[in-house]
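Secondary and tertiary structure notes
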Amino acid sequence: MDYLQLKGSQSLSGEIKISGAKNASLPLIAMTILAKNNVKISNLPHVADINTLLKLLSNLGASCEKTNDDMLIDTSKLHETKATYDIVKTMRASILVLGPLLARFGKCEVSLPGGCAIGQRPVDLHLKALEQMGANIEIKSGYIEATASNGLKGCDIIFDKITVTGTANIVMAAALASGVTTITNAAREPEVVQLCEILNESGINIKGIGTAILTIVGTDRKLIDIVGFSVIPDRIEAGTYLCAGAITNSKLTITNTNPSHLGSVLAKLEEMGFSIESTKDTITIHPTSEIKPVRIITQEYPAFPTDMQAQFMALATQANGVSIIEERLFENRFMHVSELQRMGADISLNGHTATINGKSNLSATDVMATDLRASSALILAALVADGTTDVHRIYHLDRGYDSLDKKLQNVGVDIVRLSE
Ligand code: EPZ
């Protein structure tokens with residue numbers, strides 16, 4: 001199994017180019033199930049989760065062909081409607097094929113995704129909404145068996161909680177339903193916005209894009225001609241590298257990014273003393289004379305993203321003073337705390353709230369990644385730890401960070417990928 005070995009107390013310099021967003025790519029790949037044409041997708045990130053979903057689509061009969069840096073997906077020959085456990089267990093976002101498969105074929109079986117390290121991750125809101133649209137949903141031996149023999153019917157759906165993939169699933173289902181669907185309490189993440197924009201440009205009449213109330217006029221099971229598109233930049237990857245610049249107190253520029261997707265993250269970096277310079281597609285972070293402590297509450301977009309919580313916890317260990325981080329979305333998203341404590345961080349937990357007493361001098365050691373964002377927090381901590389840190393189980397990192405070791409090497413980090 002691979003691990004990353006990196007030397008601490010480094011300063012970074014130069015530029016990092018951001019890849020396409022994993023969490024935009026996944027629903028956009030699932031969306032091709034609604035297409036009658038070959039769909040061309042540019043700027044997909046080279047990460048494991050994308051490969052997993054492409055493999056799932058191929059298992060259903062789609063063809064996914066890489067041409068240069070584009071992906072051509074043809075689902076016209078889809079003949080299977082069962083997303084099996086062996087794939088779904090490795091990536092719970094496979095649930096995103098449920099809505100499109102059901103809308104197109106009137107039936108499908110998708111393995112229940114199960115939980116993951118950060119929480120139980122139920123999909124009850126996805127299922128409840130599909131039932132409201134006329135689907136019959138049964139859970140049999142770990143599979144969601146969904147049928148809608150007369151097709152899905154548009155209706156008014158109110159999500160009890162804001163759910164990102166739940167919103168994406170229902171938008172895609174509604175695109176092929178008969179009649180109009182309204183989704184109230186919809187997720188407003190940029191990744192959901194891009195899905196709606198591409199469907200809208202492909203002829204699906206969607207109103208309220210970017211707001212909490214979406215209205216979708218369905219085609220009554222007619223497949224659509226989906227326009228070619230380029231995936232938006234990954235705002236969480238961008239935020240992670242900005243934290244790398246911050247924790248090493250370096251001047252660092254990230255390119256091919258969209259600062260407007262990072263408002264709450266940039267505001268917190270400025271609160272901690274860093275100055276930020278942005279253009280249309282670049283962000284530069286400048287060093288500060290003193291890293292100030294911070295208070296963070298994770299909430300849905302445009303508030304502070306839960307996917308940046310672990311990275312800011314690592315950064316807060318270097319602040320002079322007491323930082324407070326409250327995790328409001330997932331019940332178990334503090335898996336990085338024990339590893340940071342092993343490196344010398346002074347963190348105490350009380351329920352969903354972490355108190356970080358900085359500044360701690362972190363010491364290098366062997367650490368183990370537990371989930372995607374926790375592993376990036378360990379990389380950040382290792383950048384300022386004294387000595388050489390080995391970060392194990394980096395398959396978690398490979399799920400969502402495209403060429404992280406190479407990107408850090410390019411800005412001066414002494415990091416190598418080794419096999420144990
Ligand atoms: C998406 O997960 C992201 N994944 C997650 O990113 C991200 O952390 C999360 O949104 C929140 O922003 C993808 O987009 C592929 P939710 P998702 O449904 O859609 C509860 C990463 O690191 N809920 O918005 O699964 C749920 O338990 C990953 O890239 C229900 O109760 O998250 C959670 O408490 C990790 N019932 C809250 O809602 C449901 O049916 C938000 O979950 C669905 C969700």
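Quantities reported herein were computed from a predicted structural model and do not represent experimental measurements.

Side note on the sheet that holds strand E19 (residues 321-326)
The strand order across the open sheet built from four strands is E18-E19-E21-E20, with neighbouring strands paired in mixed fashion. Because the sheet does not close on itself, it has two edges, and the strands there are strand E18 (295-297) and strand E20 (346-350). Pairwise comparison of adjacent strand axes, ignoring direction, gives a mean angle of 15 degrees for this sheet. In terms of strand pairing, E18 meets E19 through three bridges, oriented parallel.

Re the site of the ligand
Around the ligand lies a shell of 24 residues, among which Asp124, Thr163, Thr165, Asp307 and Leu329 are the nearest. A distance of 3.0 Å separates an oxygen atom of the ligand from a polar side-chain atom of Asn23. Between Leu329 and the ligand, the recorded distance is 2.5 Å, taken from a backbone N or O atom to an oxygen atom. Bound to the protein, the ligand loses 91% of the 820 Å² it would expose on its own. Cavity membership is defined here by more than half of the atoms lying within 2 Å of grid points; on that basis the ligand lies in the largest pocket. Listing elements by their share of the shell around the ligand, those giving two or more residues are helix H1 (22-31), helix H5 (124-132), helix H6 (164-175) and helix H12 (372-384). Classifying every residue of the shell around the ligand gives 11 nonpolar, five polar and eight charged.

A look at helix H4 (residues 98-105)
Counting buried positions along H4 gives seven out of eight residues, so the element sits mostly inside the fold. Where the residues of H4 are buried, they touch H1, strand E7 (107-111), H5, strand E9 (143-147) and H6. Just downstream of H4 lies Gly106, where phi reads positive at about 80 degrees.

With respect to helix H10 (residues 309-316)
Here H10 lies mainly inside the structure; eight of its eight residues are buried. Within H10, burial applies to Gln309, Ala310, Gln311, Phe312, Met313, Ala314, Leu315 and Ala316.

A word on the pairing of strand E16 (residues 275-278)
Taken together, the four bridges between E16 and strand E17 (residues 282-286) define a ladder with antiparallel strand orientation. Considered in E17, the bridge of Ile276 is made with Ile285. Here E16 hands over to E17 after three residues, the two strands then running antiparallel side by side.

A few points about the side chain of Asp405
Positionally, Asp405 belongs in helix H14 (residues 404-409). Of the side chains with opposite charge, Arg417 lies nearest to the buried Asp405, which makes no salt bridge, at 4.6 Å. Not counting the four nearest positions on each side in its chain, Asp405 is found in contact with Leu4, Ile415 and Arg417.

Looking at unusual backbone geometry
With omega at 10 degrees, the peptide bond leading from Tyr301 into Pro302 counts as cis. As for its placement among the helices and strands, Pro302 is situated in the loop between E18 and H10. If you check the backbone angles, Asn43 has positive phi at about 70 degrees while not being a glycine. Tracing the chain through its elements places Asn43 in the loop between strand E3 (39-42) and helix H2 (48-59). Phi at Asn185 takes a positive value of approximately 75 degrees, unusual for a residue other than glycine.

Thoughts on the packing of helix H11 (residues 335-342) against H12
Axis separation between H11 and H12 bottoms out at 9 Å; the angle between their running directions is 20 degrees. By the angle class used here, H11 and H12 are roughly parallel. Both H11 and H12 take part in a crossing whose hand is right-handed. Of H12, the residues touching H11 (which contributes His336, Glu339 and Leu340) are Ala374, Ala377, Leu378 and Ala381. Looking at the contact of H11 with H12 residue by residue, the classes come out as five nonpolar, one polar and one charged.

Procedures and definitions
- Residues numbered from 1 in each chain as written.
- Predicted model: local features only at pLDDT ≥ 70, side-chain atom pairs only at ≥ 80, totals over all residues.
- Heavy atoms only, no water.
- Pairing = 2+ DSSP bridges.
- Helix = DSSP H or I, 4+ residues; strand = E, 2+ residues; numbered from the N terminus.
- Axes fitted to C-alpha atoms, helices over the stretch in contact; angles between N-to-C directions.
- Near = heavy atom within 4 Å.
- Polar contact = N/O pair within 3.5 Å; in protein donor to acceptor, adjacent residues only side chain to side chain.
- Areas by Shrake-Rupley, 256 points an atom, 1.4 Å probe, with all protein chains shown as cover.
- 1 Å grid on protein atoms, 1.4 Å probe; cavity = no way out; pocket = protein on both sides within 12 Å on 5 of 7 lines; lining within 4 Å.
- Sits in = over half its atoms within 2 Å of the grid points.
- Nonpolar A, V, L, I, M, F, W, Y, C, P; charged D, E, K, R; others polar.
- Buried < 20%, exposed > 50% of the residue type's maximum accessible area, 1.4 Å probe, protein only.
- Contact = heavy atoms within 4.5 Å.
- Lys, Arg positive; Asp, Glu negative; His and termini not counted.
- Salt bridge = Lys/Arg side-chain N within 4 Å of Asp/Glu carboxyl O.
- Parallel < 35°, antiparallel > 145°, perpendicular 65-115°, else oblique.
- Left-handed = near helix turned anticlockwise from the far one by under 90°.

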